[in-house]
Amino acid sequence: MIITPFTKSVMKNTKLSILMIATLFAACTADDPFSDTEYTTSPEGTVVEVPTSGTAASAVSSTDLSTFSVAIDKTTAEPTTTVAAYYPDAEDDIANNTFETQVNIVFNGTTATYEAASGVTITTNGSHVVANHGDTKGVCYVVSGQTANGSLTIVGEKKYEVLLSSATITNADSTALNLLSKKRAYVVLDGTNSLADGTASKASDQKAALYCKGKLLFSGSGSLSVYGNYNNAIHSADYIVVGSGTKIYATSTANHGIKANDGIYINGGILNVEVSAAGAKGINCESNIQINGGRTTVIATGGGVYEDGEAKGAAAVKCDSTFTMNGGELCLKATGSGGKALKADWEAYINGGTILAITEGSQYRYSNDTASPKGMKIGTKGEHGLLNISGGTVKVRTGGSNGEGIESKGTLTVSGGVVQVSAYDDAINSAGDMYIMGGSIVAVGRSNDGIDSNSNMYITGGNTVALGAGGAESGVDTSEQSRLYITGGEVFGIGGRVDATYAATTDAQAYAQTSGSVSANQTVTVASGSTVLGTFIMPPYSTSGNILVSATGMTSGNSYTLTLGSQTKSVSATTSGSSGGMGGTPGGRH
């Protein structure tokens, strides 16, 4: 049974609706969830029934939340923990192909030599080489040598291999490696390789230093550095697949680092990307991005830009459709105004692996339009925006003004994994309903709310710590017309006030309210006598204010011991709601 993420339930505020919607987002898989043209289904898998009472998760330390860093790393070994490699088509795996017709091309400064094979035509002009294999099958171009003023262009009607074997190609006038065949191009890396274009191209339509008109499939154990000085560094008009063992560095001072029209699938390897142009994206895809392994590090340092009638920021990773993280490591940083670490226009599924995301810039403003920095932004202009985190580790920190941590323009669900956010603005924000069903969450809104749902919030499991900034900024916040449902899990919220109206349903889990202070990295517990019901580990931030605490086993009318570091106090539990908020204050601002 497959349920699409756009399935809507009109039943709310009941135990049945919580179960139905919790079940809706429980499925995940490493398989490709998308068709070639339509993006209307969630990742395929078996729907798992989630108990409405939820399951608590162990608190996880977040001591490095304020200090973790992201930097280009070409030397650390590729992570060994991964999921199965994914190929949109089995033919994309070079292991399923044979290329026995070898064509050797050697660059020698201002000239190039070659050993042609039957069915392959090669022409040269100095060190500029054009190879055409027509309808000849199984051709492997072995490319080596160096040139500071040359290029290699390949055309043909059949798939082919390009073995880069210690090749260095710079073309000051246009593309260095121009793969104009629409068929699959298997680029295999051996030794140390480099491709670069110039800053003043003579080809007005030049798209990249390495351009591929068909599917671009990387493999091999060598390295490749690509320098885009006129446009993108790497660009495929189809999709890109990166295999394990590869080492790729892509940088552009003019536009995007790596761009694909129809998808990017990273199965492994060490991938480092840097871009510096205003509004540029480190990895940019007009379709879906899926990461299954390896370590990908992307840094975007460009500022904002006014383009197509709107203000836009640069981004480390940007996809126009759906982003899926199944395994590996993804390290992202955007330092310019309005920058995003990760932006997906449709949906995002975090099933495993590790994501580290940092933004450092402030808001970008052009006339009356603005672009705000975000650690992760899912959805656009009030459309789409489903975010489902079911596993893995996500750490986000935003530094500049107006910088939100994780923002979903639709429904946001956390059913597993570790999520830790420190943000200048809201740490975790959803425009639609928010579901916390499992996992360990730490959310710090240094100038705003910790967790903010602009619709209902359903907490059925997990271990949640949410810190608001004080004053009107809450640890836990819902909109004035919405409700907070707690039927399981462990919750500790602290901030200026508790801006949420509690839904006193028949299966509601009791909560307690008090006030107090807690220091960075301290442990908070709620206990019934000698039995600890909930444990929370504070992030590296000290704060004080109104406190909301709830844990499985708390019942209305009973008293519990709340320990805040070395402080201890008695609190009374209740399941009653309030029309003006749990703390008796008006609903929060959003």
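**Brief notes about the overall build of the chain**
The number of helices and strands found in the chain is 1 helix and 50 strands. Here the chain, with 590 residues, has 59% of them falling under the buried criterion. When contacts within the chain are restricted to residue pairs at least 6 apart in sequence, long-range pairs at least 24 apart make up 67% of them. As presented, the chain carries roughly 20,600 Å² of accessible surface, and 46% of it is formed by carbon and sulfur atoms.

**Side note on the nonpolar core**
Among the nonpolar cores identified, the biggest contains 96 residues, and Tyr141, Leu179, Leu210, Phe218, Ile234, Ile283 and Phe323 are the most heavily contacted of them. The next biggest cluster of nonpolar side chains, apart from the first, holds 31 residues, and it includes Ala512, Tyr541, Val549 and Leu564.

**Quick word on the side chain of threonine 297**
Tracing the chain through its elements places threonine 297 in strand 22 (residues 295-300). Apart from the residues lying within four places of it in its own chain, the contact partners of threonine 297 are Val70, Ala71, Ile72, Leu271, Asn272, Val273 and Cys331.

**As for the pattern of salt bridges**
In the structure shown here, the tally under the stated rule is 16 salt bridges. One salt bridge in this structure joins lysine 395 and aspartate 64, with 2.6 Å as the shortest N-O distance. Here lysine 395 is found in strand 35 (residues 393-398), whereas its partner aspartate 64 is found in the loop between helix 1 (15-24) and strand 1 (101-108), with 331 residues between them in sequence. For aspartate 64, a relative accessible area of 29% corresponds to the partly exposed category. Across the salt bridge formed by aspartate 320 and lysine 318, the nearest N and O atoms sit 2.4 Å from each other. The exposure class assigned to lysine 318 is buried, which follows from its relative accessible area of 10%. Taken together, the shared-partner salt bridges connect Asp89, Glu91, Asp92, Lys159 and Arg184 into one network.

**Let's talk about the pairing of strand 26 (residues 322-325)**
Both faces of strand 26 are covered, namely the face carrying Thr322 and Thr324 and the face carrying Phe323 and Met325. Across 3 bridges, strand 21 (residues 289-291) lies against strand 26 in parallel orientation. Along strand 26, the bridge assignment pairs isoleucine 289 with phenylalanine 323. Looking at chain direction, strand 26 and strand 29 (residues 347-350) are connected through 4 bridges and run parallel. The residue of strand 29 that forms the bridge with threonine 322 is glutamate 347.

**Regarding the environment of asparagine 368**
Structurally, asparagine 368 is set in the loop between strand 31 (364-366) and strand 32 (369-371). For asparagine 368, a relative accessible area of 76% translates into the label exposed. Taking the C-alpha atoms as reference points, asparagine 368 and glutamate 310, 58 residues apart in sequence, are found 9.7 Å from one another.

**Things to note about unusual backbone geometry**
The backbone of serine 166 shows a phi angle near 55°, a positive value even though the residue is not glycine. If you trace the backbone, serine 166 turns up in strand 7 (residues 160-171). With a phi close to 55°, aspartate 308 is a non-glycine residue in the positive phi region. By the secondary structure assignment, aspartate 308 is in the loop between strand 23 (305-307) and strand 24 (310-312). Judged by relative accessible area, which is 68%, aspartate 308 ranks as exposed.

**A word on the packing of aromatic side chains**
Per the counting criterion, the structure on display carries 10 aromatic pairs. Consider the rings of tyrosine 141 and tyrosine 160, whose centres lie 6.3 Å apart with planes at 80°: the pair is edge-to-face. Taken together, the residues tyrosine 141 in strand 5 (residues 139-147) and tyrosine 160 in strand 7 connect sequence positions 19 residues apart. In this pair, the class of tyrosine 141 matches that of tyrosine 160, namely buried.

**Comments concerning the pairing of strand 28 (residues 340-344)**
Of all 5 residues that make up strand 28, 5 are buried, and the element is covered over most of its length. Relative to strand 28, strand 25 (residues 315-319) is paired through 4 bridges, and the arrangement is parallel. Bridge assignment links alanine 315 to a residue of strand 28, and that residue is lysine 340. One ladder, built from 4 bridges, connects strand 28 with strand 33 (residues 374-378); its direction is parallel. Looking across to strand 33, one finds that leucine 342 is bridged to methionine 376.

**Quick word on the side chain of threonine 246**
Looking at the element boundaries, threonine 246 is found in the loop between strand 15 (240-242) and strand 16 (247-252). By relative accessible area, which is 1% here, threonine 246 ends up buried. For threonine 246, the side chain forms a polar contact with the main-chain oxygen of glycine 243, separated by 2.7 Å. With residues up to four places along the chain from it excluded, the contact list for threonine 246 reads Leu189, Phe218, Ser219, Gly220, Gly222, Gly268, Gly269 and Ile270.

**Considerations on the confidence of the model for the chain**
A residue-level look at the chain finds 88% of positions with pLDDT of 70 or above and a mean pLDDT of 88. Segment residues 1-53 is flagged for pLDDT under 50; beyond a separation of four residues in sequence, or across chains, it makes 103 contacts in the model. Segment residues 583-590: pLDDT under 50, and 31 contacts once partners within four positions in sequence are set aside and those in other chains are kept.

**A closer look at the environment of isoleucine 355**
Tracing the chain through its elements places isoleucine 355 in strand 30 (residues 354-359). By relative accessible area, which is 0% here, isoleucine 355 ends up buried. The spatial distance from the C-alpha of isoleucine 355 to the C-alpha of valine 419 is 9.6 Å, given a sequence separation of 64 residues. If we skip the residues at most four places from it in the chain, isoleucine 355 touches Phe323, Met325, Leu330, Ile350, Thr393, Val394 and Lys395.

**Notes on the environment of glycine 228**
Examined against the element boundaries, glycine 228 turns out to sit in strand 13 (residues 223-228). According to the relative accessible area criterion, glycine 228 is buried, its value standing at 1%. Distance from glycine 228 to serine 252, taken between C-alpha atoms, is 4.4 Å for residues 24 residues apart in sequence. Setting aside residues no more than four positions away along its own chain, glycine 228 makes contact with Asp197, Ala209, Ala233, Thr251, Ser252, Thr253 and Ala254.

What counts as what
Residues numbered from 1 in each chain as written. Predicted model: local features only at pLDDT ≥ 70, side-chain atom pairs only at ≥ 80, totals over all residues. Heavy atoms only, no water. Helix = DSSP H or I, 4+ residues; strand = E, 2+ residues; numbered from the N terminus. Buried < 20%, exposed > 50% of the residue type's maximum accessible area, 1.4 Å probe, protein only. Contact = heavy atoms within 4.5 Å. Areas by Shrake-Rupley, 256 points an atom, 1.4 Å probe, with all protein chains shown as cover. Core = buried A, V, L, I, M, F, W, Y, C linked by side-chain atoms within 4.5 Å. Salt bridge = Lys/Arg side-chain N within 4 Å of Asp/Glu carboxyl O. Pairing = 2+ DSSP bridges. Phe/Tyr/Trp six-rings, centres within 6.5 Å; stacked < 30°, edge-to-face > 60°. Polar contact = N/O pair within 3.5 Å; in protein donor to acceptor, adjacent residues only side chain to side chain. pLDDT = per-residue confidence, 0-100.

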